[in-house]
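Tertiary structure, described
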Amino acid sequence: MATTALVDPETGLTQAQLAARHGLRVAGERPSLTEYSRRLWAYRHFTAAYANAKLVASYSNAKLGQIWQVLTPLTNAAVYYLIFGVVLGQNTIPNFIAYLTTGLFIFNFTQSAVLAGTQSISGNLGLIRALHFPRACLPLAATLTQFQQLLASMIVLVGIVLVTGEPITLAWLMLPPALLLQALFNAGVVMVVARMGSKASDLKQVMPFILRTWMYGSGVLYSVKLFDRLPEWASTLIQFNPILVYIELARYALLEQAPLLNESVTQLWLVAFGWAVLGGIAGYVYFWRGEQEYGRG
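Conventions adopted
Residues numbered from 1 in each chain as written. Predicted model: local features only at pLDDT ≥ 70, side-chain atom pairs only at ≥ 80, totals over all residues. Heavy atoms only, no water. UniProt positions renumbered as here; feature names shortened; annotations may be inferred. Helix = DSSP H or I, 4+ residues; strand = E, 2+ residues; numbered from the N terminus. Contact = heavy atoms within 4.5 Å. Areas by Shrake-Rupley, 256 points an atom, 1.4 Å probe, with all protein chains shown as cover. Axes fitted to C-alpha atoms, helices over the stretch in contact; angles between N-to-C directions. Parallel < 35°, antiparallel > 145°, perpendicular 65-115°, else oblique. Nonpolar A, V, L, I, M, F, W, Y, C, P; charged D, E, K, R; others polar. Salt bridge = Lys/Arg side-chain N within 4 Å of Asp/Glu carboxyl O. Buried < 20%, exposed > 50% of the residue type's maximum accessible area, 1.4 Å probe, protein only. Polar contact = N/O pair within 3.5 Å; in protein donor to acceptor, adjacent residues only side chain to side chain.

Per an unreviewed UniProt entry, the recorded name for the protein chain is Transport permease protein, and the organism is Micromonospora humidisoli. Recorded in UniProt for the protein chain, the comment headed Sequence similarities (unreviewed entry) runs: "Belongs to the ABC-2 integral membrane protein family."

If you want it as structure tokens, here you go:
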């Protein structure tokens, strides 16, 4: 049965026509992608301030405070070195300590960002319902928080690399752009899991298992040359694993004799750039398409 639009008796216009005449819009309507990007840029200071506040708050109850930004990755590195370096004998890799630590710190950047991003919407419903702002500020703030922690980890990593005998070379200049590409890729992935997590609360329970599997498939803890034992198609596919690519770029930059699965540095850069652009843009568009859903229901 067809419904009849209500007509204002004075003007003879329907409600939709009246709203259009007076410039009224549906509450919570999703803006165009261009307008959304403009608003997001206008709230960049809010995003940065929120990220800084989250970083400080995360260590506010610990006696050592933000020193844990350094102690946590160091402790993880020590535990994994004991297991994989001493017990399992992977320390046959040249400078295994620096090799292992580089892989851990780079992977931890993505892992921590994704875990934080999974709850960036569902964990901030009060803020979302109280204030009007582009919701992408929240997953981007989660990424920025973890990027700040990564910078502290990089100071520790550089110290480990130097202490273990690696020289300073021009290749070190490759590290900052590699980290920026990884940050862009992370931002896209975080926005994807943020939207998914806003609807599926159980995602935060599943995500640690997904990330652990991803870690073992990224050559973080052992020589990537072990992947050569796989069938050719599988070994080729693994070469396009984005985290493995960013780890390999970091190891190539900092270590002189690091074993690499892909010996072509040019191909590494092309794949790293491709994942950063594809992941960043696709994640952003995917998150934007759900803008009107966040905080409802």
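Here we take up the overall build of the protein chain. In terms of regular secondary structure, the protein chain is built from twelve helices and zero strands. Reading the secondary structure of the protein chain in the N-to-C direction produces α-α-α-α-α-α-α-α-α-α-α-α. Sequence-distant contacts, at least 24 apart, represent 77% of the contacts inside the protein chain between residues at least 6 apart. With an accessible surface of roughly 15800 Å², the protein chain has 65% of that area assigned to carbon and sulfur atoms.

Time to look at the UniProt feature "transmembrane region" (unreviewed entry) in the protein chain. Here the UniProt-annotated "transmembrane region" (unreviewed entry) positions come out as residues 70-90, 96-116, 137-164, 170-194, 206-224 and 268-287. Summarising residues 96-116: 100% helix, 0% strand, and an end-to-end C-alpha distance of 30 Å. Between the C-alpha atoms that bound residues 170-194 the distance is 38 Å, and the span itself is 80% helix and 0% strand.

What follows covers the packing of helix α5 (residues 96-118) against helix α7 (residues 137-163). Look at α5 against α7: their axes get within 9 Å of each other, and the N-to-C directions meet at 170 degrees. Looking at the two axes, α5 sits roughly antiparallel to α7. Counted together, Ile 97, Ala 98, Thr 101, Thr 102, Phe 105, Ile 106, Phe 109, Ser 112, Ala 113, Ala 116 and Gly 117 of α5 and Ala 142, Thr 143, Gln 146, Phe 147, Leu 150, Ser 153, Met 154, Val 156, Leu 157, Ile 160 and Val 161 of α7 form the full contact between these two elements. A class-by-class count of the residues in the contact of α5 with α7 yields 15 nonpolar, seven polar and no charged.

Turning our eyes to something else, we now look at the pattern of salt bridges. For the coordinates displayed, the defined rule picks out three salt bridges. When the shortest N-O distance is used, the salt bridge between Glu 35 and Arg 38 registers 2.6 Å. Highlighted residues: Glu 35 and Arg 38, both in helix α2 (residues 33-42), separated by three residues, approximately one helical turn. Between Glu 35 and Arg 39 there is a salt bridge whose closest N-O contact spans 3.0 Å. In this pair, Glu 35 and Arg 39 are both assigned in helix α2, four residues apart and thus about one turn of the helix distant. A relative accessible area of 24% means that Glu 35 is categorised as partly exposed.

A few words on the environment of Thr 118. Within the element layout of this structure, Thr 118 appears in helix α5. A relative accessible area of 3% means that Thr 118 is categorised as buried. Spatially, the C-alpha atom of Thr 118 lies 10.0 Å from that of Asp 202, the residues being 84 residues apart in sequence. Sequence-distant contacts of Thr 118, defined by excluding residues within four places in its chain, comprise Val 193, Gly 197, Leu 203, Lys 204 and Met 207. One polar contact links the side chain of Thr 118 to the main-chain carbonyl oxygen of Val 114, over a distance of 2.7 Å.

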